[in-house]
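Commentary on secondary and tertiary structure
Residues per chain are reported as follows:
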Amino acid sequence: MSPVLEIADLKRIARRRVPKLFFDYADSGSWTESTYAANEADFRDIKLRQRVAVDMTNRSVATKMIGRDVSLPIALAPTGLCGMQRADGEILAAQAAEELVIPFTLSTMSICSIEDVAEHTKAPFWFQLYVMRDKDFVRSLIDRARTAGCSALVLTLDLQILGQRHKDLRNGLTAPPRLTPKHLWQMATSPVWVAAMAKTQRRTFRNIVGHAKGVSDMSALHSWTAEQFDPQLSWSDVEWIKDYWGGPLILKGILDPEDARMAINTGADAIIVSNHGGRQLDGAASSIRVLPEIVEAVGDKIEIHFDGGIRSGQDILKAKCLGAKGAYVGRPYLYGLGAFGKDGVHKMYDILKTELDITMALCGERDIENMGRHNLYSVFGEKVEHGPAASSAA
Ligand SMILES: Cc1cc2nc3c(=O)[nH]c(=O)nc-3n(C[C@H](O)[C@H](O)[C@H](O)COP(=O)(O)O)c2cc1C
């Protein structure tokens, strides 16, 4: 077997091991997938500034995200159906995150429930909330997250209507999968996945089934989720949710400076510059493309997090240099899980950390906290001006 050296290797192995309908669910964007592609491609238009003859010893890549120590400036992004990439996927990813000293964010639409993850981990995790029409259910999710010791609430603002992903429709995606001949064949050719799945009972949306009114089985769940996301979500909802939760709040899905300014008025602790991994508004700008203007608009007033298209440690550094305090990774850890379970999440982290650390050294820096625009040569074709005092390496 060829060695696993980069995130693309984990993706290649996950593609072989995970049934096609679930692999496709991760590896898809909405409609033409142009925003999904741009999220990755636009990183290539940012060039790094190489420095030489600088002391490279004793490097540190640790920092903080909303005051929490992180060994690398990353968090695991909330991803629905994570437990379908690998049995008990959310528990395995949360355990890996705990071991690696990075935050894990559990999606509302997870397979393992808030309680399942809390039972199998010690480090507090973050909970991602979707706002439903049924406000009693929203409050009950917040209550459950509080009881489970979650230390931040990540409120997603960009999915009140679902962006259409052609692959999911063509594949007839459900969780658990309907046992059509096509799906049975996909599972028969994924023996590692089946063996793990056979050992768990966690195969449906356990934050919802048995908790939301009238949802006790799969057929009820389908119609419930289709109807439940609240299309009237507004900034005043953000305010009551902030008050009801009472803890650190992160607003996810900000892609416009004007929305970033609105986010500040809510008193949230951080925003995530994100387009949902290119899964919602196809044709929207890539996250990295809009990061500089959002940093310019609100960077001194709120902590800015980033996600979308991170596929290497260099990408994390570029986002950091442009003003993000930290970045979330979605698909990279799902590929890790699908390829090797918990070990795959560790592998993903090792790959990103090594790439980031070596890049930082070759940029002439020893502490990630010191990295900034002065470490960039150009941003989307525009050369960065470097005054003599601007570089900590000079
Ligand atoms: C398979 C998958 C499921 C996702 N589910 C959710 C979700 O339930 N809630 C949410 O806020 N974001 C969700 N996202 C978006 C991620 O949190 C994140 O914004 C995105 O994955 C970042 O892009 P990347 O995958 O290129 O790292 C999902 C993304 C993927 C790939």
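Note on numbering: residues in each chain are counted from 1, in written sequence order. In keeping with the model being predicted, local features are shown solely for residues with a pLDDT of at least 70 and side-chain atom pairs are shown and tallied solely at 80 or more, while totals for entire chains, interfaces and linings include all residues.

Section: the overall build of the protein chain
Runs of E in the DSSP output that reach at least two residues are strands. Runs of H or I that reach at least four are helices, and both are numbered from the N terminus. Per the secondary structure count, the protein chain includes 16 helices and 13 strands. The reference for a compact globule is 2.2 Å times residues^0.38; the radius of gyration itself is calculated from the C-alpha atoms. Over its C-alpha atoms the protein chain spans a radius of gyration of 21 Å, differing by no more than 12% from the 21 Å that the globule rule assigns to 394 residues. Each principal axis of the C-alpha distribution contributes one length, and for the protein chain these read about 65 × 55 × 40 Å. We call two residues in contact if the C-beta atoms placed from their backbones are at most 7 Å apart. At a minimum sequence separation of 6, the contacts of the protein chain that also span at least 24 residues come to 73%.

Side note on the site of the ligand
Only the C-beta atom matters for nearness: placed from the backbone, it must lie within 6 Å of the molecule or strand for the residue to count as near. Around the ligand lies a shell of 25 residues, among which Ala-77, Gly-80, Ser-107, Gly-277 and Gly-330 are the nearest. Of all the secondary structure elements, the ones that give two or more residues to the shell around the ligand are α2 (20–26), β11 (326–329) and α15 (331–340). Amino acids outside the nonpolar list (Ala, Val, Leu, Ile, Met, Phe, Trp, Tyr, Cys, Pro) and the charged list (Asp, Glu, Lys, Arg) are all regarded as polar, and Gly is one of them. A breakdown of the residues in the shell around the ligand according to their chemical character gives 9 nonpolar, 12 polar and 4 charged.

Section: the packing of helix α12 (residues 257–265) against helix α13 (residues 287–298)
What counts as an axis is a line fitted to C-alpha atoms, over the stretch in contact for a helix, and the angles between N-to-C directions run from 0 to 180 degrees. Remark: α12 packs on α13, axes separated minimally by 9 Å, with the N-to-C direction vectors making an angle of 40°. Here α13 runs oblique to α12, going by the angle between their axes. The hand of the α12/α13 crossing is right-handed. Residues Pro-257, Ala-260, Arg-261 and Ile-264 of α12 lie in contact with α13, whose contacting residues are Glu-293, Ile-294, Ala-297 and Val-298. Here the residues of the contact of α12 with α13 are counted per class, giving 6 nonpolar, no polar and 2 charged. Should an angle lie under 35 degrees it is considered roughly parallel, over 145 roughly antiparallel, and from 65 to 115 roughly perpendicular; all remaining angles are considered oblique. The sense of a crossing depends on the near helix, which, turned anticlockwise from the far helix by less than a right angle, makes the crossing left-handed and, turned clockwise, makes it right-handed.

A word on the sheet that holds β11
Between any two strands, at least two bridges found by DSSP are needed for them to pair. Overall, parallel pairing links the 8 strands, which are arranged β4-β11-β10-β9-β8-β7-β6-β5 in an open sheet. A strand with exactly one partner marks an edge of an open sheet, and here the two such strands are β4 (74–76) and β5 (105–106). Summarising the sheet, strand β10 (residues 303–307) and β11 pair through 3 bridges and their orientation is parallel. Across the sheet, Asp-307 pairs through a bridge with Tyr-328, a residue of β11.

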